[in-house]
Amino acid sequence: MPQMNPSATNRYWRSLADAAGPDSSEGATEPEFPSPWDDSINRRSFLKWTSASAAIAALAGCTREPIHQIVPYVTQPEEIIPGKPLHYATAMPRDGFAVGIIVESHEGHPTKIEGNPTHPASQGATGIFEQAALLDLYTPDRSKTVTEGGQISNFSLFFAALQKEIATQRAKAGAGLRILTRSTTSPTLIAQLEEILRQFPQARWHQYQPMARDNTLEAAQRLFGRPMETRFHLDRAKTIVLFDSDCFFAHPSALINARQFARTRRSGSQSDNSSRLYVAEPSPSLGGSVADHRLPASSAQIQNLVRELARQIGITTGPSADKISDDQHQWIHAVTEDLRQNSGQSLVIAGETQPPVVHTLVHLLNDRLGNIGNALEYADSAETHWINHRDSITQLVSEMDSGKVECLLILGGNPVFDAPADLQFASRLSRVPFRVHLGVEQNETAIACDWHIPESHFLESWSDARSFDGTTSIIQPLIMPLYDTKTAHELLHFIIHGQLRDDYDVVRDHWNSQKAVEDFEKWWRQSLHDGWIANSQLPALSLRPQEKMPLSASETEAAETVEICFRPDPTIWDGTFANNGWLQELPKPFSKVTWDNPALISPALARRFQLDSGDVVQLRTGDRTFTAPVWILPGQAENSVTVHLGLGRSHTGDTDNGIGFNGYTIRTLISPWAASNVKIIKTGNHHLLATTQNAHSVHGRNILESHEPLPPPGGTLYNPGEFKNAGYAWGMVINLNACIGCSACMIACQAENNIPVVGKDQVAAGRDMAWIRIDQYFEGPPENPRFHNQPVPCMHCENAPCELVCPVGATLHDHEGLNLQVYNRCVGTRYCSNNCPYKVRRFNFFRYADYDTPSLKPMRNPNVTVRWRGVMEKCTYCLQRISAAKIAAQLQDRPIRDGEIKTACQQVCPTEAITFGNINDPNSNVAKLKTSPLNFSMLGELNTRPRTTYLTRVGNSNPQLEDQS
């Protein structure tokens, strides 16, 4: 790997090759469009090539799209106006918790998911999983039919077989009946399962999901006597300390956490209201990327750090031992002083990956610091029937192994793939005589069961679920089921009553029996309209932790040996979204790798084992081995190897088969989050990794920050004079102080603008199609750099370099200053992209969009053209939304209000980092932000006059640790 060049003058770098400086052979910049010929080609050959290229480009640009017949309604539905979308409130369940959403529907087809701004638990925010859920509804790889033994069957045969088995179990009081679910907060589903346990008293309900929150809830149960939840109020905290906690991504309240945190940073100044964030973690996280002080530390070292902090705060944790380094002592000392100065206005948070003893110490720290009741509060868990998932799956496997389980119903999930490897779930499952799997895809567990039942997507289903704070939502469908599918409610109702009933009736009857209201119909309709049930939030409780867990055990040893840290994948989670092409192609934070899950290693570890990114290694822990390529990641703890779980699938749709590497094969029951004493064996093989980190070169320009004074208005190379317009002038400001690099804007843009997936090979060739990208910059030494996130859409330059080079006028300005792209004119010369200093234009090299698969057609936004091959495309500031707002304003004879238009990237952003509006209106938010002294234009010295500008990131560093920043 390249060595760091201390004499390199560029403050920011995007790869280790950049950090090595200009003399590094690995840092050479590739041309934007690689030449199809070599230097030996003469002038005659050159002219022949250019003539052929022009002809090919012209043919590509003139290719006609397929003709589709438009058939009007014979009798138009009263509630549907063609071309005008409807919006419905519902909720998306993920890992059992509900996220309040609003879904846009065009003529009965869901086309876009947004956050519900009135929902208390999310306040309008959504993340990558909510945005990409739309593709899971329409994917052709969904499970469509009942199968028995892998062969197509039907529901009549299945329910006949199930009825016979249930009759047998009823005679035995359910002695052989087991039901396995993932975590659930659904009041209706829980009531149904409780009813089954009443009717079958010897039956058992088990729960398992690989990212279960056992450590968090187990610690709370020991301290409070029941599994309590900690609700954070990051907007009330001036000092925040995260110990291996990615609370902006991997926490059930991640969306609201991010929104609250951003509120403390929005001013962009080191004011009294600005928070200070400390993060200690083995692998960079979203929180770590915006930390004022980040400390790379192995997972094994985190407990020692927390114990040392507890000692300095005054909590007895046993005999002192010098298990942390001098730098770590200095870091903890500075954190201690900051916490003391902000008692009552601080937060200490531990991640689920840490053992219960760490969570216990964190509860005691928050109590001693006086944070309870202000920056955090306690409430009963929305997981009202939580049980330890590891204990539950272990008990189930033991009973399967002993022959006690005669009928097993697996409602969702994929335990054959993701259960702890040492439990050998698949082989034990084969001993169960009657095995049923309900799921939305034919996954590994479905293949291993006698019966597989296709499950309805949540956008096709009636159900309910609680959010992290207890707020309950009625989940209502947006579309009739695309296939003959069932829900868990329908399946359980058949077991209870011996007959089928629609999921709508099941859910409605449950709430009718629970709610003592005068007018149930009015209450029901209001709850559906709002997207959540009023006054359903679980109340905060006046509690303080009472220590019941011994804390005097000696500290863990400092991690001098190599460890593996198991983490959910940043884009496909635990494997649930492995068949989602949008998420597979979404660049992962920091590495920007797509379609893969390499093992992340530190630069120091790479030097020790002489490894480069892409080298394949074998990781051995105990008697288990895992083979994967590595990726050298700046900021990774020296002796920690991070393995992201969820890829390496073998049975589901075409999208994910054979992609990535299955880390579950070495994840065991006793080491679910970290394994120590790992051996690294270099295999000598190399694996192609497709990354976008250096795909769009800006030729060494420093585009992260530019404080050069702008050239004066007047004539330029690009236009005869300053661009002017007297009407609307649309512009955007992106607050780098609020952006956490979550990439939700990228998926929202993809869903809104019908952007296709291109596949790993095309990404590797630098041909990704995303209209907005998140550039990741590093500052400082590779061992512990500071991270910088920068979203980059089209700049919509007033002096646009792309316009004067287009030979056919395909790129031009409209009267409001938007830089437009006329697809029908484009002949694919790509001059505009070559002349764009920001590298934000994308070329359709092939026919990436799938025009043929019927299930994908209703998913597309009908207000945005689906592009054919051979044309250039880019961000349009969501021109279709601007046009819709214009029409609405004209009908009411008024101007467009500030904030009335929200671009897709702006609307989705959990941290509200993006502001869009009319810069000609001095009272608009965007115009006010552009007058800020922190406002800067990317490459403003080029006099392109971009309409998209940025607010500089301003840290809030602790003077005691400035040398470590």
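Residues numbered from 1 in each chain as written. Predicted model: local features only at pLDDT ≥ 70, side-chain atom pairs only at ≥ 80, totals over all residues. Heavy atoms only, no water.

### Side note on the overall build of the chain
Worth spelling out the cut-off: The helix and strand labels rest on DSSP assignments: H or I over at least four residues marks a helix, E over at least two residues marks a strand, and numbering proceeds from the N terminus. For every residue, the accessible area obtained with a 1.4 Å probe (protein chains only) is divided by the maximum for its type, and the residue is called buried under 20%, exposed over 50%, and partly exposed between those limits. By definition, residues are in contact when any of their heavy atoms lie within 4.5 Å. Note that accessible areas follow from Shrake-Rupley with a 1.4 Å probe, and for residues the cover is restricted to the protein chains shown.
Counting its secondary structure elements, the chain contains 26 helices and 38 strands. A burial count over the chain gives 61% of its 965 residues as buried. Relative to all contacts within the chain whose residues are 6 or more apart in sequence, the contacts with residues 24 or more apart total 75%. Carbon together with sulfur atoms contributes 51% to the accessible area of the chain, which is approximately 37,700 Å² in total.

### Notes on the packing of helix α17 (residues 503-514) against helix α18 (residues 520-530)
Selection rule: All axes here are fitted lines through C-alpha atoms, helices being fitted over the stretch that makes contact, and every angle between N-to-C directions spans 0 to 180 degrees. Should an angle fall under 35 degrees it is called roughly parallel, over 145 degrees roughly antiparallel, and 65 to 115 degrees roughly perpendicular, with every other angle called oblique. Should the near helix be turned anticlockwise from the far one by less than a right angle, the crossing is left-handed, and should it be turned clockwise, the crossing is right-handed. Side-chain classes are defined by residue name, with Ala, Val, Leu, Ile, Met, Phe, Trp, Tyr, Cys and Pro counting as nonpolar, Asp, Glu, Lys and Arg as charged, and the others, Gly among them, as polar.
Their axes nearest at 11 Å, the elements α17 and α18 cross at an angle of 120 degrees. For the element pair α17 / α18, the angle class is oblique. Once α17 is placed against α18, the crossing between them reads as right-handed. On α18, the residues that touch Y504, V507, R508, W511 and N512 of α17 are F520, E521, W523 and W524. Tallied by class, the residues present in the contact of α17 with α18 amount to 6 nonpolar, 1 polar and 2 charged.

### Examining the nonpolar core
Note the threshold: What makes a nonpolar core is a set of buried Ala, Val, Leu, Ile, Met, Phe, Trp, Tyr and Cys residues whose side-chain atoms join them at distances within 4.5 Å.
F248, L347, L583 and L619 are the most contacted members of the largest nonpolar core, which has 147 residues in total. If you tally residues by element for this core, the top one is helix α3 (residues 128-138), at 8 residues.

### Things to note about the pairing of strand β31 (residues 786-792)
Walk down a regular strand and you will see the side chains alternate between the two sheet faces. The following threshold applies: DSSP-based pairing: two strands are paired if at least 2 bridges between them are found.
Of all 7 residues in β31, 7 are buried, a share of seventy percent or more. Where burial is concerned, the two faces of β31 agree: the one with R786, H788, Q790 and V792 and the one with F787, N789 and P791 are both buried. Pairing geometry for strand β30 (residues 773-779) and β31, over 7 bridges, is antiparallel. Paired with I774 across the strands is P791, a residue of β31. If you look at the hairpin formed by β30 and β31, you'll find 6 residues sitting between the two strands, and G780 has a positive phi there, around 100 degrees.

### Examining the pairing of strand β15 (residues 407-411)
With 5 of 5 residues buried, β15 lies mostly within the body of the structure. The pairing of strand β7 (residues 177-181) with β15 spans 5 bridges and is classified as parallel. Within β15, the position partnered with I179 by the bridge is L409. In this structure, β15 lies alongside strand β16 (residues 434-439), joined through 5 bridges in parallel fashion. Within the sheet, the bridge partner assigned to L409 lies in β16 and is V436.

### Observations regarding the sheet that holds strand β3 (residues 97-106)
Strand order in this open sheet of 3 strands is β2-β3-β4, and the pairing throughout is antiparallel. Only two strands of the sheet have a single neighbouring strand rather than two, namely β2 (86-94) and β4 (109-115). Pairs of neighbouring strands in the sheet enclose a mean axial angle of 40 degrees, with direction left out of account.

### Here we look at the pattern of salt bridges
Basically, it comes down to this: Between Lys or Arg on one side and Asp or Glu on the other, a salt bridge is scored when a side-chain nitrogen of the former is within 4 Å of a carboxyl oxygen of the latter.
Applying the stated criterion to the full structure yields 43 salt bridges. Residue D244 is joined to R567 by a salt bridge in which the shortest nitrogen-to-oxygen separation is 2.9 Å. Highlighted residues: D244 in the loop between β10 (239-243) and α7 (254-263) and R567 in strand β20 (residues 563-568), separated in sequence by 323 residues. Taken individually, D244 and R567 each receive the classification buried, so the pair is uniform in this respect. With a shortest N-O distance of 2.8 Å, E816 and K886 are connected by a salt bridge. Of the two residues, E816 sits in the loop between β32 (811-813) and β33 (819-821) while K886 sits in helix α24 (residues 879-891), which places them 70 residues apart along the sequence. Both residues of the pair, E816 and K886, count as buried.

### A word on the confidence of the model for the chain
The predicted coordinates should not be examined in detail at positions where pLDDT is low. Condition: pLDDT: the predictor's confidence for each residue, scored from 0 to 100.
In the predicted model, the chain carries a mean pLDDT of 87, and 86% of its residues have values of at least 70. This stretch, residues 24-29, has a pLDDT under 50; its non-local contacts, to residues over four places away or in other chains, come to 7 contacts. In the model, residues 35-70 has pLDDT below 50 throughout and makes 22 contacts with residues more than four positions away in sequence or in other chains.

### Comments concerning the sheet that holds β30
If you trace the 3 strands from one edge of the open sheet to the other, you get β1-β30-β31, paired in antiparallel fashion. Because the sheet does not close on itself, it has two edges, and the strands there are β1 (12-13) and β31. Here β1 runs beside β30; their pairing, made up of 2 bridges, is antiparallel. When the sheet's bridge partners are listed, W13 is paired in β30 with F778.

### Concerning unusual backbone geometry
Of note in the backbone geometry, K839 takes a positive phi value of approximately 55 degrees without being a glycine. Overall, the relative accessible area of 6% leaves K839 in the buried class. Despite not being glycine, Y877 has its phi angle at roughly 60 degrees, a positive value. Tracing the backbone through its elements, the reader meets Y877 in the loop between β35 (872-873) and α24. Judged by its relative accessible area of 1%, Y877 is buried.

### Regarding the environment of V416
With respect to the helices and strands, V416 occurs in helix α13 (residues 415-418). For V416, a relative accessible area of 22% gives the class partly exposed. Once the C-alpha coordinates of V416 and E444 are considered, the two residues, 28 residues apart in sequence, prove to be 6.0 Å apart. Those residues in contact with V416 that sit more than four places away from it in its chain are F425, A426, L429, E444, T445 and A448.

### Regarding the packing of aromatic side chains
Basically, it comes down to this: Stacked, tilted and edge-to-face pairs are distinguished by plane angle, under 30 degrees for stacked and over 60 for edge-to-face with tilted covering the rest, among Phe, Tyr and Trp rings (Trp via its six-membered ring) whose centres lie within 6.5 Å.
For the structure shown, the criterion picks out 29 aromatic pairs. Here the aromatic rings of Y504 and W524 are separated by 6.1 Å at their centres, their planes lie at 75 degrees, and the arrangement is edge-to-face. You can see Y504 sitting in helix α17 and its partner W524 sitting in helix α18, a full 20 residues away along the chain. By relative accessible area, W524 is classed as buried at 2%. With 5.1 Å between their ring centres and 65 degrees between their planes, Y877 and F916 make a pair best called edge-to-face. Taken together, the residues Y877 in the loop between β35 and α24 and F916 in strand β36 (residues 914-918) connect sequence positions 39 residues apart. Residue classification places F916 among the buried residues on the basis of a relative accessible area of 3%. Site record: aromatic cluster; members linked through ring pairs are W462, Y504, W511, F520, W523 and W524.

### Brief notes about the environment of D338
Residue placement: D338 occurs in helix α10 (residues 326-341). As for D338 and R276, which are separated by 62 residues in sequence, their C-alpha atoms are 9.0 Å apart. Aside from chain neighbours lying at most four places away, what touches D338 is T239, R276, Y278 and N958.

### As for the side chain of D775
Residue position: D775 is located in strand β30. The exposure class assigned to D775 is buried, which follows from its relative accessible area of 1%.

### Digging into helix α11 (residues 356-368)
What counts, and what does not: What a helix should span is 1.5 Å times the count of its residues minus one.
The terminal C-alpha atoms of α11 lie 18 Å apart, and with 13 residues this matches the ideal 18 Å at 1.5 Å per residue to within 8%. Within α11, 12 of the 13 residues are buried, which leaves it mostly tucked inside the rest of the structure. Those residues of α11 that fall on the buried side of the exposure criterion are P356, V357, V358, H359, T360, L361, V362, H363, L364, L365, N366 and D367. On the buried face of α11, the contacting elements are α6 (214-224), β9 (228-232), α9 (299-313), β13 (346-350) and β14 (376-380).

### Considerations on helix α16 (residues 488-497)
Here α16 lies mainly inside the structure; 9 of its 10 residues are buried. Where α16 terminates, the next one or two residues include G498, which has phi positive at roughly 75 degrees.

### Quick look at the side chain of N257
For N257, the position within the fold is in helix α7. Aside from chain neighbours lying at most four places away, what touches N257 is F232, L234, C247, F248 and H251.

### Re the packing of α16 against α17
Two elements in contact, α16 and α17, have axes separated by 8 Å at closest approach and are oriented at 80 degrees. Comparing the axis directions of α16 and α17 gives the class roughly perpendicular. Contacts from H489, E490 and H493 of α16 reach α17 at D503, V506 and V507. Here the residues of the contact of α16 with α17 are counted per class, giving 2 nonpolar, 2 polar and 2 charged.

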